[in-house]
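Structure assessment
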Amino acid sequence: MPRVLIAHDLTKTYPTADGPLEVLRGVSLQVAARESVALTGESGSGKSTLLHLLGCLDAPDSGSITLEGRALQDLDEAGRAAVRRQSIGVVFQQLNLIPSLTVAQNLGFQARLAGREDADWQARIATRLGLDSMLSRYPEQLSGGQQQRVAIGRAIANRPAVVLADEPTGNLDEATADTVLDLMLDLVRDSGAAFLMVTHSPRLADRMDRRLHLKQGRIV
Ligand code: ADP
Ligand code: MG
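Residues numbered from 1 in each chain as written. Chains lettered and ligands numbered in written order. Predicted model: local features only at pLDDT ≥ 70, side-chain atom pairs only at ≥ 80, totals over all residues. Heavy atoms only, no water.

**Considering the overall build of the chain**
When its secondary structure is counted, the chain shows seven helices and 10 strands. For 220 residues, the compact-globule estimate of 2.2 N^0.38 gives 17 Å, and the chain sits close to it at 17 Å. Principal-axis analysis of the C-alpha atoms places the extent of the chain at approximately 50 × 40 × 35 Å. For the chain, buried positions account for 50% of its 220 residues. (Helix = DSSP H or I, 4+ residues; strand = E, 2+ residues; numbered from the N terminus. Rg over C-alpha atoms; globule rule 2.2 N^0.38 Å. Buried < 20%, exposed > 50% of the residue type's maximum accessible area, 1.4 Å probe, protein only.)

**Remarks on the sheet that holds strand E8 (residues 194–198)**
Taken in spatial order, the six strands line up as E6-E7-E8-E3-E9-E10 in an open sheet, and their pairing is mixed. Each edge of the open sheet is held by one strand with a lone partner, namely strand E6 (88–91) and strand E10 (218–219). Where strand E7 (residues 162–166) and E8 come together, five bridges link them in parallel fashion. When the bridges of E8 are listed, Leu164 appears paired with Leu196. Contacting strand E3 (36–40), E6, E7, E8 and strand E9 (210–215), helix H1 (residues 47–54) runs over the sheet at an angle of about 155 degrees to E7. Sitting on the sheet, helix H2 (residues 77–87) touches E6 and E7, and the angle it makes with E6 is about 80 degrees. (Pairing = 2+ DSSP bridges. Contact = heavy atoms within 4.5 Å. Axes fitted to C-alpha atoms, helices over the stretch in contact; angles between N-to-C directions.)

**Structural notes on the site of ligand 1**
As a matter of local geometry, ligand 1 sits amid Tyr14, Leu21, Val23, Glu42, Ser43, Gly44, Ser45, Gly46, Lys47, Ser48 and Thr49. At a separation of 2.7 Å, an oxygen atom of ligand 1 approaches a polar backbone atom of Gly44. Here Lys47 contributes a side-chain N or O atom positioned 2.8 Å from an oxygen atom of ligand 1. For ligand 1, the protein covers 59% of the area, taking 560 Å² as the surface of the free molecule. For the shell around ligand 1, the secondary-structure elements that each account for two or more residues are strand E2 (19–32) and H1. No other element matches the three residues that H1 contributes to the shell around ligand 1. The class makeup of the residues in the shell around ligand 1 is three nonpolar, six polar and two charged. (Near = heavy atom within 4 Å. Polar contact = N/O pair within 3.5 Å; in protein donor to acceptor, adjacent residues only side chain to side chain. Areas by Shrake-Rupley, 256 points an atom, 1.4 Å probe, with all protein chains shown as cover. Nonpolar A, V, L, I, M, F, W, Y, C, P; charged D, E, K, R; others polar.)

**Comments concerning unusual backbone geometry**
Although it is not a glycine, Arg159 adopts a positive phi angle of roughly 45 degrees. Structurally, the position occupied by Arg159 is in the loop between helix H5 (144–157) and E7. With phi around 45 degrees, Glu167 is a residue other than glycine that occupies positive phi space. Relative to the assigned elements, Glu167 resides in the loop between E7 and helix H6 (174–191).

**A closer look at the pairing of E8**
Counting buried positions along E8 yields five of five residues, so the element is predominantly enclosed. What you see with E8 is no split at all: Ala194, Leu196 and Val198 on one side and Phe195 and Met197 on the other are buried throughout. Examined bridge by bridge, E3 and E8 share four bridges and lie parallel to one another. Of the residues in E8, the one forming a bridge with Ala38 is Met197.

So, in structure tokens, the structure goes:
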């Protein structure tokens, strides 16, 4: 299977008042198309930092990231923004839905920015996520779980090469979290994306193809 996302020897250190904090000390990983990988690790172990690097939201101090054969670490901010729009879908705990846009508009927002609107695919996503009856509502008129499903749909609407999720079910009860993970696994497989999800839950991690554990700045 072709490797969609390849990270090699990533390092990241934050300057803090107490001196430099080495968060990532040489992280390497690969995720293939249609593969689902769980990323676990204690709080503060650098999971979100790693996801930000892989999602082109921040640059590593050293090391390389290749997405669909393209090296990301040398891109400038404009180049990173273009890759984010075209190739990466993210679901964070803060959903960042746009309050002034309807559910349908939120779903299509990133795909439109990327010039990749696909009405059939978006309709399929909405149906799978159970959002058909809510398309003209605004985010504030939805429950937390419903808003989460909109954020998932938005992340996948432009058929990104990779979907990155940072504890997307962290605020949900177990049963809802299971349902949301089912939906995500189903949609990412259908879209052909590589899927990397940070989770605290061994139960959810067990349902993914593979698990990577981050400890003391390295994958163990
Ligand atoms: P996790 O997601 O595994 O809980 P994070 O990647 O959020 O871990 O954070 C890893 C460590 O880096 C933590 O100690 C955190 O406080 C620190 N950290 C994260 N972001 C910054 C930042 N922008 N500046 C300084 N320290 C940070
Ligand atoms: Mg985190």
